[in-house]
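# Understanding the architecture of this molecule
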Amino acid sequence: MRVRGMKDRVVMSRGPNEQWCEGERLCEAAETYQGHRAGRTFKTSSEGLGYHADFPAIWRGQYRDELGSSSSSSRPIHIIEGDMFEVTSDLVATATFERSGRFDAAFDKGGLDVIPPSARQSYAAVLDQLLKPGGRLLLVVMDYDQDKLPDSEGRRGTPPPYSVPEAEVRRLFPAEVGWTVEFLERQQEHLLSRRILPLRDVNLHEAAYLVTKSTKAEPADLTEQSTSEVGRKTAPLLVVLATAMLGVGAAAALVSRMI
Ligand SMILES: C[S@@+](CC[C@H](N)C(=O)[O-])C[C@H]1O[C@@H](n2cnc3c(N)ncnc32)[C@H](O)[C@@H]1O
C-alpha cells in the first residue's frame, strides 16, 4: 500500500458548544507553566498564554492499494492520533467524511493486550460505539500462561503484553448482547520472548479472532450516511486501533475507503 500526503497535523479541539472543530484552542489560561498536562501544550497563541489542546490530531492523505490491479485509484485515508479511549463517533464524524462516525470494520493487533486489564471493559465499549451494527473486529492478541511468569506475584508484576485468553475475549464481547466471537487461528510467537526478559521462558502464542457486532437496528441518525455519500457506491470503512504505522506513535484510528 502506498500512502501520500500526511504532511499536516491538524489538532482537533472542542469548541464552546462542545462541537469538535479543527485547531488548537486555549483550554486553560495560565500565567506560568504549571507542569505537564496530558494532551495539552503550554504556549501563547492569539487567544493568550496557557494550556492549548494538542490531541487528538488528524493526519489526512491518500493511499493506493498496489496489491490489486495497477489501475487502482487513490482513496482518502485519515489517521486519528490520540488516546483510543477518547475517540468518539462525533470526533470521527468531524475528522472524516462519514457522518455516522462509525466503522464497518476494525483491526487491532497488539492494542487490547497492552492496555491494563482494568481498561478492557472500556475498550469493548469504545469498539461498541465505533462499530456499525454488523460491524466486525479482526482482533490479534497474545495468549500465554501468566502463572508461568517468574515474577507474576512479585515486585514488577506481569508486564504487558498481558495474556488475553479466548474466555476473556468472549467475556468482553458477550453473545447475550449480540456479539459473535469466532476463533480464527493461533500461532507461536518467538520475537517477544527474545525481547522481553520476563517472557523469555514462557510459551507465547498470538491468537486471531473475528468479533462481529449484532445487526440489530439502531437510531436512524447514527446509521444515516452524509449527504456527500448519497448516490456513491457503499464502501467499507476501517478503523485500525493502536497502530504505529507511518511513525505516528499511539495512532488510534485509521479510516480508509476501500471499494
Ligand atoms: C504492542 S504495540 C502494537 C503496535 C502495532 N499494532 C503492531 O502490531 O506492531 C501497542 C501500541 O498500542 C499503542 N497504545 C497503547 N495504549 C493506547 C491507547 N490508549 N490509545 C492508542 N494507542 C495506544 C502504543 O502506543 C503502541 O503503539
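Coordinates for the structure precede this section.
Residues numbered from 1 in each chain as written. Predicted model: local features only at pLDDT ≥ 70, side-chain atom pairs only at ≥ 80, totals over all residues.

### Overview of helix α2 (residues 120–130)
This is how it is decided: Buried residues are those with 20 or more other C-beta atoms within 10 Å of their own C-beta, exposed residues have 12 or fewer, and partly exposed residues lie in between; C-beta atoms are placed from the backbone. Per the convention used, a helix needs a DSSP run of H or I reaching at least four residues, while a strand needs a run of E reaching at least two, with both numbered from the N terminus. An arc is given here, and it is the one of the directions from the helix axis to the C-beta atoms.
All of the buried residues along α2 are V126, L127 and L130. Take α2 and look down its axis: the buried residues cluster within an arc of 95 degrees, on one side only. Opposite its buried face, α2 presents the exposed residues Q121 and A125, each directed more than 90 degrees away.

### Some thoughts on unusual backbone geometry
Residues F55 and P56 are joined by a peptide bond in cis, for which omega reads -10 degrees. By secondary structure assignment, the location of P56 is in the loop between β5 (48–53) and β6 (57–64). Despite not being glycine, M6 has its phi angle at roughly 55 degrees, a positive value. You can see M6 is positioned in strand β1 (residues 2–14). Judged by the 17 C-beta atoms lying within 10 Å of it, M6 falls in the partly exposed class.

### Re the nonpolar core
Rules: For our purposes the nonpolar core covers buried Ala, Val, Leu, Ile, Met, Phe, Trp, Tyr and Cys residues that link as a set through C-beta atoms within 7 Å. Boundaries of every domain are those given by an automatic assignment or by a domain database.
Counting 40 residues, the largest nonpolar core has V87, A106, L130 and L139 as its most contacted members. Residue contributions to this core peak at 5 residues, all from strand β9 (residues 131–143). The residue makeup of this core includes at least three contributed by each of domain 1 (1–84 + 93–98 + 240–259) and domain 2 (100–224).

### Here's the deal with the sheet that holds β5
Two strands in a sheet stick together by hydrogen bonds in their backbones, pointing the same way (parallel) or opposite ways (antiparallel). Let me state the cut-off plainly: When DSSP finds two or more bridges between two strands, those strands count as paired. Angles shown run from 0 to 180 degrees and are taken between the N-to-C directions of axes, each axis being a line fitted to C-alpha atoms and, for helices, limited to the stretch in contact.
The 3 strands are arranged β3-β5-β4 in an open sheet whose pairing can be described as antiparallel. In this open sheet, the two edge strands, each paired with only one partner strand, are β3 (26–29) and β4 (40–45). On average, each strand axis in the sheet is inclined to that of its neighbour by 40 degrees, with strand direction left out of account. The sheet contact formed by β3 and β5 spans 3 bridges and is antiparallel. Along β5, the bridge assignment pairs A29 with G50.

Everything listed is a geometric property; what it means functionally is a separate question.
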